[in-house]
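As a plain string of letters, each chain reads:
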Amino acid sequence: MSLAQVHYTSAAPGDGGTAGRFTAVGPGVSGALLAEIEPLVRYELPEGAPGRPSDGELRALPQAFTYAVLSDGSRLVARSAPVRETGGGAGPGVRFHAHGVHVPPGVPLPGDRLPVEAWRSPHWAAATPGGPAPDPLALPQGPAPVSEGLDDFAVSRGPWLAAVLADLRRASAAEAAGGGPVVLVERQCADVARWLGLAAVTLPRESAERLTFTTYTRRPGSAAVRVAGVLAADAEAARGAGLRVHVCTGQAPAADGTGDVWAATAARIWRSRSPELFREARELPGEPFASGPLAVTALCAGIALGPDGRAAAADWAADRPYALDAKRTGRLVEALAAPSVDDRTGAEFDAAGRLFGALEGRCPASLTAPLAAMLVTEAVRGGNGSLELPGRDAFTGPEGAAVAERLGPEVLTELGGGAAGALSVARTVQLLRVARLLEVDSTELLPDAVDRLASALLSESGARAGGAAGTGAGGGQAPEGPPDFAPALLELLDEQFEVRTALLGALDRIAPCDPGAMARFLERVALPFTGTQALPHLRMCAEVPEAMATLGGDRAAVWRRVLRAAGVSPFAEPLVLRTAVGLVWEDRAPTVEEARLLLDAATSDAHRVAGTWARLVDAALDASAAGSPSVSPDEAAALAHDLLRGFPEEIGGRERAGLLLLVLVRDLRTGAPEPGWAETVRTLCAQAEPVEPALRERAHAALVERLLAPDRPGAELYAFVHGDDAELVAAYDRAARSEAVRSRLRAQPAYAADCFTVWTAHPHAGTAWPPVAAALLDEVLRPAVRALSAEEVAEVEATVGRTGSSGRANAFRDWNRSSTLGRLGRRIAGRVRRG
């Protein structure tokens, strides 16, 4: 069918200020469409253009080649070019003439060509024809002129290729992002057309057809197209309008900076002058702008790509191992594993590992051997612990021997501790797997390597971070997820029986040192220790979470269940005591009742070997210090007595003094302590420093209560008074002022006589005692005696005389008389005031 053509000419001088007019309109183009077409074809001379150009200057002026979509879905392909004005004025000036072709909706261009191919059509008119004119879009068969020299142009624009192609791809999307057109700054509008030619070859057909454009405009911000070409003079205005601007005429950028793998790969293909690869890549499965097919095609053609491109190719091929034939698969493997490549990244190696896993078993080992060798070399020398290693049958013939000969010594040196610094879990696991893969004999190094691995497992899993998982009886926090190294570790244990046996044994040996950490580790990593190995400590650590959940706060029941899980008696293996106690009472001391249970569960020799006697000491001291009403002081003292008897060589220092103090407190309250107990209390408190305040208070209270008893030994009282211990004297003062003592003084004249004797017996004993004794006489004893009857006072006086001397009796009489006279004087003074 014949396409309608339109012609538009700028206004001549004297046309009343109009911009221009349509001089010819083909059939089917309505007035509404003409209103849309007019702003698309208008032309504005560039800044600084001569008013009356020479022929050469006229030819150098830019031409605007435009492709736009109109509101009804039809399209316009037009050229607006400057022409010489021949009429009026002082001389020939410049006008412009626009020639356009209207393409109805759904109608393809002649020859099914793309609009940009008509850029250099010889049928674009510079004046309105007088009759029928040839269609500018009806081009002869063969490549359009715009396609000529695209390779050279692409190479000349190499630094900008990736960034521009990335933006042109985004601009060609079905729903193009807003923000105005992509702006290309070139010295000549023909170069903008060449950029569009590059896009036509690079992009899929449907994307290229959506790419509307104009090769020249002075106002890109208002251009109703997706790509606009401008000259350098208008670039700054385009940036000011917030448009995406590519200045392709100045200094080349240092890097494309797009991060777009598809665009970077397309740029490399153009720089390699291989545009036919775009069509080949589109024949491979994948999304239109997926980077994988393009990268695979480029690598198979021998084009070098960067790490991202190689990774994209490997990922794509790993997902579609049957998409390539054997020849192209071999080329891809060779390109990925090329020895000349020295910029591989972790992501690329991971992708190569996935590709190897996809090809393994589907391709001959000889085809994938270079990939396997590259992966193993990276695992050893690059330290990439996340790599998926090939299987043991990855190498055939001399390839495996060559890799083992090259890498074996390095593996053994690092496993043996020759490398600087401690190995991480992931690194150790990787090296052990590589050693097996390459059949490197590591038997001699295995015990030490496994011991180091066992310790690193707890450290790196965070199990030693202050009991974070809460395996103790007071815990309960949910464990975290498995650590990153868990999958590789479990795979290693599944592959290598000798490593599994050695590692489980090493973990079982270190478990008693920190059983809580081991339990937290086993909650995060389910180690396979269900075989024939005894592993009592690991079994206990694995049992404790379930026991805690089932039995709750009954720690004694949890302890018995965990101990049964060991499968061995604490008499035969005392260390299970340490593990069980560490699991159940990790962050606290047992109670006295629990400590008694532990002490009776095994001999003192077993507790001595396990070191659990120290936890029992803590139980006794903590219970006495806490002063819990549920714990009898006698029970704590009895436990302390048994511990001192069972572990005489082990318990020393402040712990021994604290336990002895507990026993002495009990004897002071209930029995007959050894003589010298007043001094012993002071001595033991000093030796037990820092002694808990509650224990000190309990010891002082027991001492002074015994000193306030009528039957206390005089030597102990003398030692107490003359010890001049202000803290003990203060405790005595508090006890003497208690209601119990006051009631006893009022009820028992003999006790009042005894207190008078004691409180007046040592008036010059140091500095602490005399003021306290004097205060007690006036503030405690005098009110009590004052409340007694005359007969009871006489009995007190007589008792003082019998137990002391006549002089002491006279002293009491004088002391009591002073009190009576004081009362009498106060009565007389009161009567005088009333009179």
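In what follows, the structure referred to is the one given above.
Focus on the overall build of the chain
Helix and strand counts for the chain stand at 37 helices and 9 strands. Relative to the compact-globule value of 28 Å for 835 residues, the chain shows a C-alpha radius of gyration of 51 Å, a clear excess of over 25%. Its C-alpha atoms put the chain at 160 × 95 × 40 Å along the principal axes. Taken across its 835 residues, the chain has 49% of its residues classed as buried.

Notes on unusual backbone geometry
Cis geometry is adopted by the peptide bond preceding Pro690, which originates at Glu689 and carries an omega value of -5°. Relative to the helices and strands, Pro690 is located in the loop between helix H29 (677–687) and helix H30 (693–707).

Observations regarding the side chain of His99
Within the secondary structure layout, His99 lies in strand S5 (residues 93–103). There is a polar contact of 2.7 Å between the side chain of His99 and the side chain of Gln5. Among all residues touching His99, those that are not within four sequence positions of it are Gln5, Val6, His7, Val77, Ala78, Arg79, His123, Trp124, Ala125 and Pro136.

Observations concerning the packing of aromatic side chains
Scanning the model with the defined rule gives 18 aromatic pairs in all. A ring pair is formed by Tyr732 and Trp769, whose centres lie 5.4 Å apart and whose planes are at 65°; its orientation type is edge-to-face. With Tyr732 in helix H32 (residues 726–736) and Trp769 in helix H35 (residues 769–786), this pair connects stretches of sequence that are 37 residues apart. No difference in accessibility class separates Tyr732 from Trp769, as the two residues are buried. Here the aromatic cluster, defined as three or more aromatic residues joined through ring pairs, consists of Tyr8, Phe22, Tyr43, Phe96 and Tyr216. The ring of Phe289 carries the charged tip of Arg169 above its face, separated from the ring centre by 5.7 Å.

Section: the nonpolar core
Ranked by internal contacts, the top residues of the largest apolar core, which has 255 residues, are Tyr732 and Trp759. Apart from residues no more than four positions distant in its own chain, Trp759 is found in contact with Tyr732, Ala736, Trp769, Ala773, Leu776, Leu777, Val780 and Leu781. Counting residues in hydrophobic clusters, the runner-up holds 7 residues, among them Val183, Val230, Leu243 and Val245.

Quick word on the pattern of salt bridges
Pairs may arise between side chains of opposite charge once their charged atoms sit close together. Going through the model one piece at a time under the given rule, you end up with 46 salt bridges. Between Glu495 and Arg433 there is a salt bridge, with its nearest N and O atoms 3.0 Å apart. With Glu495 in helix H18 (residues 486–495) and Arg433 in helix H16 (residues 425–437), the pair connects residues that are 62 residues apart, well separated along the chain. On the basis of relative accessible area, Glu495 is assigned to the partly exposed category, the value being 29%. One network of salt bridges, in which partners are shared, links Arg157, Glu186, Asp191 and Arg194.

Section: the environment of Asp724
Within the secondary structure, Asp724 sits in the loop between helix H31 (714–723) and H32. Asp724 gets classed as partly exposed once you look at its relative accessible area, which sits at 31%. Once the C-alpha coordinates of Asp724 and Ala765 are considered, the two residues, 41 residues apart in sequence, prove to be 7.4 Å apart. Each residue touching Asp724, except ones within four places of it in the same chain, is listed here: Ala765, Gly766, Thr767, Ala768 and Trp769. A distance of 3.2 Å separates a polar atom in the side chain of Asp724 from the backbone nitrogen of Thr767.

About the thresholds
Residues numbered from 1 in each chain as written. Predicted model: local features only at pLDDT ≥ 70, side-chain atom pairs only at ≥ 80, totals over all residues. Heavy atoms only, no water. Helix = DSSP H or I, 4+ residues; strand = E, 2+ residues; numbered from the N terminus. Rg over C-alpha atoms; globule rule 2.2 N^0.38 Å. Buried < 20%, exposed > 50% of the residue type's maximum accessible area, 1.4 Å probe, protein only. Polar contact = N/O pair within 3.5 Å; in protein donor to acceptor, adjacent residues only side chain to side chain. Contact = heavy atoms within 4.5 Å. Phe/Tyr/Trp six-rings, centres within 6.5 Å; stacked < 30°, edge-to-face > 60°. Lys NZ or Arg CZ within 6 Å of the ring centre and 35° of its normal. Core = buried A, V, L, I, M, F, W, Y, C linked by side-chain atoms within 4.5 Å. Salt bridge = Lys/Arg side-chain N within 4 Å of Asp/Glu carboxyl O.

Nothing here speaks to function; it is geometry throughout.
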